[in-house]
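Structural overview for review
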2 protein chains.
Amino acid sequence: MKFSKKSEYGLRALLELTRAYGSTTLQRHDIAVRQHIPVEFLEQILLALKRAGLLSSKRGAKGGYRLIKQPKDISLGSVIRILDGPLAPIGCVSKTAYQKCSDCPYANHAHCPVQQVMGSVRDAIADILDNYTLADFAAGSKHT
Amino acid sequence: MKFSKKSEYGLRALLELTRAYGSTTLQRHDIAVRQHIPVEFLEQILLALKRAGLLSSKRGAKGGYRLIKQPKDISLGSVIRILDGPLAPIGCVSKTAYQKCSDCPYANHAHCPVQQVMGSVRDAIADILDNYTLADFAAGSKHT
DNA sequence: CAAATTGTTGATTAACTCACTCATGTTTAC
DNA sequence: GTAAACATGAGTGAGTTAATCAACAATTTG
């Protein structure tokens, strides 16, 4: 039940990009040094975030990455879904990537005990992460 | 961010054992058939739960497993910790198995943004799973 | 006692994922 | 044109997951 390094690095990279939002672009090298992330691995992450529409990049000398959405409009939940997949602890309670459980004797029943608990776990996680934005994150707290 | 099959199977097996609590013992074979779990894999799970003090077993013909603690005294959280390890989404916010993060530039600071969010995620998950017992689970709902 | 039944233990496995790493491109600034 | 930077895809070693297998130990029943 862990988040991957990919998500963790992704969030830490976005922390740097949020701080630079509106002013400068950041190069992968600088982000990597500041956050102690292996450069080549970081690149995969930045590209995934770019493909998902969070970042833009500029090639060549003086290039770099920057946020193209406002920090207050990007939730940590959406970032983690991009990098790590669904938040749900088991497939059959995912709202963004539902998967029928193959072997459960309660499959297709709404009264599966596992689904009931895991559903509320999913909701609790999503409630936090989908309402916590990069702006909150960079500020070090969630403002209500 | 998923729970393993081991945890899922473990919970489903305990569902059967909770239903049989106080009356009969259940053999691994019967549990496996009712819950569609591979017998040999189920055995590893039952033995882990036995070592953890939740089950007792009897060998030989007419043998089997049974719960030795009351269903209302076993939380789903404790079961998952036995089978899957800590609930925390990253090591540095685990209360039962804390691990210092090696590469985080905020390590040792109480103000690490990642720790703040992940800490509240951990608490939300633990709040649910540590207060949900096998009795609630078998009843199909949490009674307050 | 013998045979059948069941739990116990440990080793082994195939498939997969994670966290990188490498090689090779392509674009841009100067 | 050349150095700096992003882009892409392939590859890799370590570890995990989900089983599977083999051999053994204890108990009951005939």
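Residues numbered from 1 in each chain as written. Chains lettered and ligands numbered in written order. Predicted model: local features only at pLDDT ≥ 70, side-chain atom pairs only at ≥ 80, totals over all residues. Heavy atoms only, no water.

**Here's the deal with the protein's contact with DNA strand D**
Around DNA strand D there are 26 residues in total, and Lys 50, Ser 57 and Arg 59 of chain A together with Gln 44 and Arg 59 of chain B lie nearest to it. For DNA strand D, the backbone makes up 70% of the atoms found within 4 Å of the protein, where backbone means sugar plus phosphate. Here a phosphate oxygen of DNA strand D and a side-chain polar atom of Tyr 65 of chain A are 2.9 Å apart. Between a phosphate oxygen of DNA strand D and a side-chain N or O atom of Lys 58 of chain B, the distance comes to 3.3 Å. Examining the composition of the surface near DNA strand D, we find that four residues originate from one element, helix α3 (residues 39-51) of chain A, more than from any other. Tallied by class, the residues present in the surface near DNA strand D amount to seven nonpolar, eight polar and eleven charged. (Near = heavy atom within 4 Å. Polar contact = N/O pair within 3.5 Å; in protein donor to acceptor, adjacent residues only side chain to side chain. Helix = DSSP H or I, 4+ residues; strand = E, 2+ residues; numbered from the N terminus. Nonpolar A, V, L, I, M, F, W, Y, C, P; charged D, E, K, R; others polar.)

**Side note on the interface of chain B and chain A**
Counting from both sides, the interface comprises 40 residues of chain B and, opposite them, 40 residues of chain A. Interface area, chain B with chain A, both sides summed: about 3600 Å², of which 65% is carbon and sulfur. Linking chain B to chain A there are five residue pairs in polar contact (both at pLDDT 80 or more). If you list the elements that add at least two residues to the side of chain B that touches chain A, you get α1 (5-19), α2 (28-35), α4 (76-84) and α5 (113-129) of chain B. The biggest single contributor to the side of chain B that touches chain A is α5 of chain B, with eleven residues. (Contact = heavy atoms within 4.5 Å. Buried area = accessible area lost by both parts, 1.4 Å probe.)

**Describing the relation of the copies chain B and chain A**
Turning chain B through 180 degrees and shifting it by 0.0 Å along the axis lays it on chain A, with an RMSD of 0.1 Å. Accordingly, the operation relating the two chain copies is best matched by a two-fold axis. In terms of C-alpha distance to the rotation axis, chain B has Met 1 of chain B as its closest residue, with the C-alpha 2.5 Å off the axis. Here 100% of the interface residues in chain B have copies in chain A that are interface residues too; the copies meet face to matching face. (Least-squares fit on C-alpha atoms with pLDDT ≥ 70 in both.)

**Focus on the protein's contact with DNA strand C**
Taken together, 25 residues lie near DNA strand C, and Gln 44 of chain A together with Glu 43, Lys 50, Ser 57 and Arg 59 of chain B sit nearest. The share of sugar and phosphate among atoms of DNA strand C within 4 Å of the protein is 71%. At 3.0 Å from a phosphate oxygen of DNA strand C is found a side-chain nitrogen or oxygen belonging to Gln 27 of chain B. Taking Tyr 65 of chain B, its side chain carries an N or O atom lying 3.0 Å from a phosphate oxygen of DNA strand C. Secondary structure elements with two or more residues in the surface near DNA strand C: α1 (5-19) and α3 of chain A together with α3 (39-51), β1 (55-58) and β2 (64-67) of chain B. In terms of residue class, the surface near DNA strand C is built from seven nonpolar, seven polar and eleven charged.

**Re unusual backbone geometry**
Notably, Lys 62 of chain A is not glycine yet its phi reads approximately 65 degrees, a positive angle. The topology assignment puts Lys 62 of chain A in the loop between β1 (55-58) and β2 (64-67).

**What to know about the pattern of salt bridges**
For the structure shown, the criterion picks out 18 salt bridges over all chains. When the shortest N-O distance is used, the salt bridge between Asp 73 of chain B and Lys 72 of chain B registers 3.5 Å. Put simply, Asp 123 of chain B and Lys 95 of chain B hold a salt bridge, and the shortest N to O gap is 3.3 Å. With Asp 123 of chain B in helix α5 and Lys 95 of chain B in the loop between α4 and α5, this pair connects stretches of sequence that are 28 residues apart. Relative accessible area serves as the criterion here: at 62%, Lys 95 of chain B is assigned to the exposed category. Within the structure, one salt-bridge network assembled from shared partners comprises Lys 5, Glu 8 and Arg 12 of chain A. (Salt bridge = Lys/Arg side-chain N within 4 Å of Asp/Glu carboxyl O. Buried < 20%, exposed > 50% of the residue type's maximum accessible area, 1.4 Å probe, protein only.)

**A few points about the domain arrangement of chain A**
Residues and elements named next belong to chain A. According to the domain assignment, chain A contains domain 1 (5-67) and domain 2 (74-139). Using only C-alpha atoms to locate each centre, domain 1 and domain 2 end up separated by 26 Å. Listed as interface residues are 13 residues of domain 1 and, on the opposing side, ten residues of domain 2. Between domain 1 and domain 2, roughly 1100 Å² of surface is buried when both sides are summed, and carbon and sulfur atoms account for 85% of that area. Three residues, Ser 7, Leu 11 and Leu 54, lead the burial of domain 1 against domain 2; their summed loss comes to 42% of the area buried on that side. Linking domain 1 to domain 2 there are zero salt bridges. Scanning the region where domain 1 abuts domain 2 turns up one residue pair in polar contact (both at pLDDT 80 or more). (Domains from an automatic or database assignment.)

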